[in-house]
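Structural description and commentary
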Amino acid sequence: MTERPGRTGVTGRTAAGAGTARTATRTATRAGGQASAGDLLELVRSGRATTRGALQQTTGLSRATVGQRLDRLFRAGWLREGAGGPVDSPLGGRPSITLEFDDAHAVVLAVDLDTRHARAAVLSLTGEILAERTGILVVEDGPDAVLGELGGWFAQLLEKAGRGADEVCGIGLAVPGPVDRESGRVVQPPIMPGWDGYDIRSRLARSVTEHTGAGPVPVLVDNDANLMAFAEQRASHPDASAFVLVKVSTGIGAGVVVDGAIFRGTDGGAGDIGHIRVPEGARSLCRCGSYGCLAAVASGGAVARRLAEDGVPAASGSDVRGLLAAGHPEAVALAREAGRLVGDVLATVVTLLNPGVLMIAGDLAGTPFLTGVRELLYQRALPRSTAHLEVVTSRLGERAGLIGAGALVVEHLYAPDRVEERLHAMGV
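Predicted model, so just to flag it, every value in this text is computed and none were measured.

Observations regarding the confidence of the model for the protein
Taken over all residues, the pLDDT of the protein has a mean of 90, while the share at 70 or more is 89%. Of the regions scoring below 50 in pLDDT, residues 1-7 engages in 27 contacts with residues more than four places distant in sequence or in other chains. Across residues 11-25 the pLDDT falls below 50, and counting only partners more than four positions away or on other chains, this stretch makes 27 contacts in the model.

Here we look at the packing of helix 12 (residues 329-353) against helix 13 (residues 367-380)
Helix packing geometry: the angle between the two helix axes and the distance between the axes. Where helix 12 meets helix 13, the axes come as close as 6 Å, and the angle between the chain directions of the two elements is 35°. Our pair here, helix 12 against helix 13, has a crossing hand that is right-handed. Contacts between helix 12 and helix 13 pair Val-332, Ala-335, Arg-336, Ala-338, Gly-339, Arg-340, Val-342, Gly-343, Asp-344, Leu-346, Ala-347 and Val-350 from the former with Pro-368, Phe-369, Thr-371, Gly-372, Val-373, Glu-375, Leu-376, Leu-377 and Arg-380 from the latter. Grouping the amino acids of the contact of helix 12 with helix 13 by side-chain chemistry returns twelve nonpolar, four polar and five charged.

Topic: the packing of aromatic side chains
This model, assessed by the stated rule, comprises two aromatic pairs. Taken together, a centroid distance of 5.4 Å and an interplanar angle of 80° make the contact between Trp-78 and Tyr-414 edge-to-face. With a gap of 336 residues between them, Trp-78 in the loop between helix 5 (63-76) and strand 2 (79-84) and Tyr-414 in the loop between helix 15 (400-413) and helix 16 (416-426) connect regions that are remote in the sequence. Here Trp-78 and Tyr-414 have matching classes, each one buried. Pairing Phe-101 with Tyr-414 gives two aromatic rings, centres 5.1 Å apart and planes at 75°, and the pair type is edge-to-face. Of this pair, Phe-101 sits in strand 3 (residues 97-101) while Tyr-414 sits in the loop between helix 15 and helix 16, placing them 313 residues apart in sequence. On the accessibility criterion, Phe-101 (11% relative accessible area) is buried. On the basis of relative accessible area, Tyr-414 is assigned to the buried category, the value being 0%. An aromatic cluster of three or more residues is present, and its members are Trp-78, Phe-101 and Tyr-414. Sitting over the face of the ring of Phe-101, Arg-45 holds its NZ or CZ atom 5.3 Å from the ring centroid. Geometry around Tyr-414 places Arg-422 over its ring, the cationic atom sitting 4.8 Å from the centre.

Considering the sheet that holds strand 13 (residues 261-262)
Spatially, the five strands line up as an open sheet ordered 13-12-11-14-15, and their pairing is mixed. Looking at strand neighbours, the two that pair on one side only are strand 13 and strand 15 (390-393), the edges of this open sheet. Where strand 14 (residues 357-361) and strand 15 come together, four bridges link them in parallel fashion. The residue bridging Val-357 from the neighbouring strand is Glu-390, located in strand 15.

Rules used throughout
- Residues numbered from 1 in each chain as written.
- Predicted model: local features only at pLDDT ≥ 70, side-chain atom pairs only at ≥ 80, totals over all residues.
- Heavy atoms only, no water.
- pLDDT = per-residue confidence, 0-100.
- Contact = heavy atoms within 4.5 Å.
- Axes fitted to C-alpha atoms, helices over the stretch in contact; angles between N-to-C directions.
- Helix = DSSP H or I, 4+ residues; strand = E, 2+ residues; numbered from the N terminus.
- Left-handed = near helix turned anticlockwise from the far one by under 90°.
- Nonpolar A, V, L, I, M, F, W, Y, C, P; charged D, E, K, R; others polar.
- Phe/Tyr/Trp six-rings, centres within 6.5 Å; stacked < 30°, edge-to-face > 60°.
- Buried < 20%, exposed > 50% of the residue type's maximum accessible area, 1.4 Å probe, protein only.
- Lys NZ or Arg CZ within 6 Å of the ring centre and 35° of its normal.
- Pairing = 2+ DSSP bridges.

Written out as structure tokens, the structure reads:
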């Protein structure tokens, strides 16, 4: 196992979803005296209004009311005053004091769980990684063992970050399977045997409490591709109103972000493109139990199996990634072929969603695979659908799911309605 601190993160502005239509619409509906302390905090976090005067202008609240609501946020320790801003009046005067979200008052615990390893971290509220650890955790060992182990990881990480258990405000977990948002339970996950319907939230919360002494905090669980897309869109492409990320590792999944929000579908199954049937896979058995799935012929696991059949040592997508990095000719050829198969399916995805950005991530996200994707995507999709499409690779790399898990917790805890609930519970 390795431990590695880092400073990669989603900045406060992008982590809050700066400039999204949803933020503007929600605040507008509460204008004219209705904007709450939570709305003011969201305006500051998003960067849309960072002075008292700007908050008055945006919300229509009086100076006194803005002051009262800001006072609650200061007493909670969620806001701080920054440096003076520019003087707006041509007559001069004092510079406006800027307001900033104080990201030092709490930390988030986050985990990105893959099939054979995990990455865990302590993050600031603006996505900065304060302490990080990667190591082997085999998802097939079952949820009780895996989640129990993670509590010990977090105890070590909090000590390494120099933060106390009482500073933890929430836990985020990314998993390689479909998740029901309301319950936080995975639903019939093909590559997570023994996890179907398991109460992940309670077990992880109990494990963290047992190992760190932390009190009860929210535990949020989501699909790894969803959280990778959530983090990447905010960090790299905040202006993309429709963003699709495709993760190709042991399996294949996609995360979709529309107008700054994750699109999950009715019960968390959106983006499960690895189980779309393709003619090339008619004789290939998928881990879901069906024949013909895209993942059975084009995932990192599928490429590893084909390499192993030819005598090349490879057992997983991560092994294939190592071979690709070394320029192994057979691995390169198979990755390009897999890219073509995925690109054929993505032509339909792009035609349906018309995204501005299509990002390829995961173990196979390199030049050979990307070349194959582009070959078939641009050949099969309508020119109208690809005229303004960017096809790119990950910017956050292996940390994307981790950062997305942390951002999910922060967005939950500091959403306007939730802010009001928390302030009342604190007696502020």
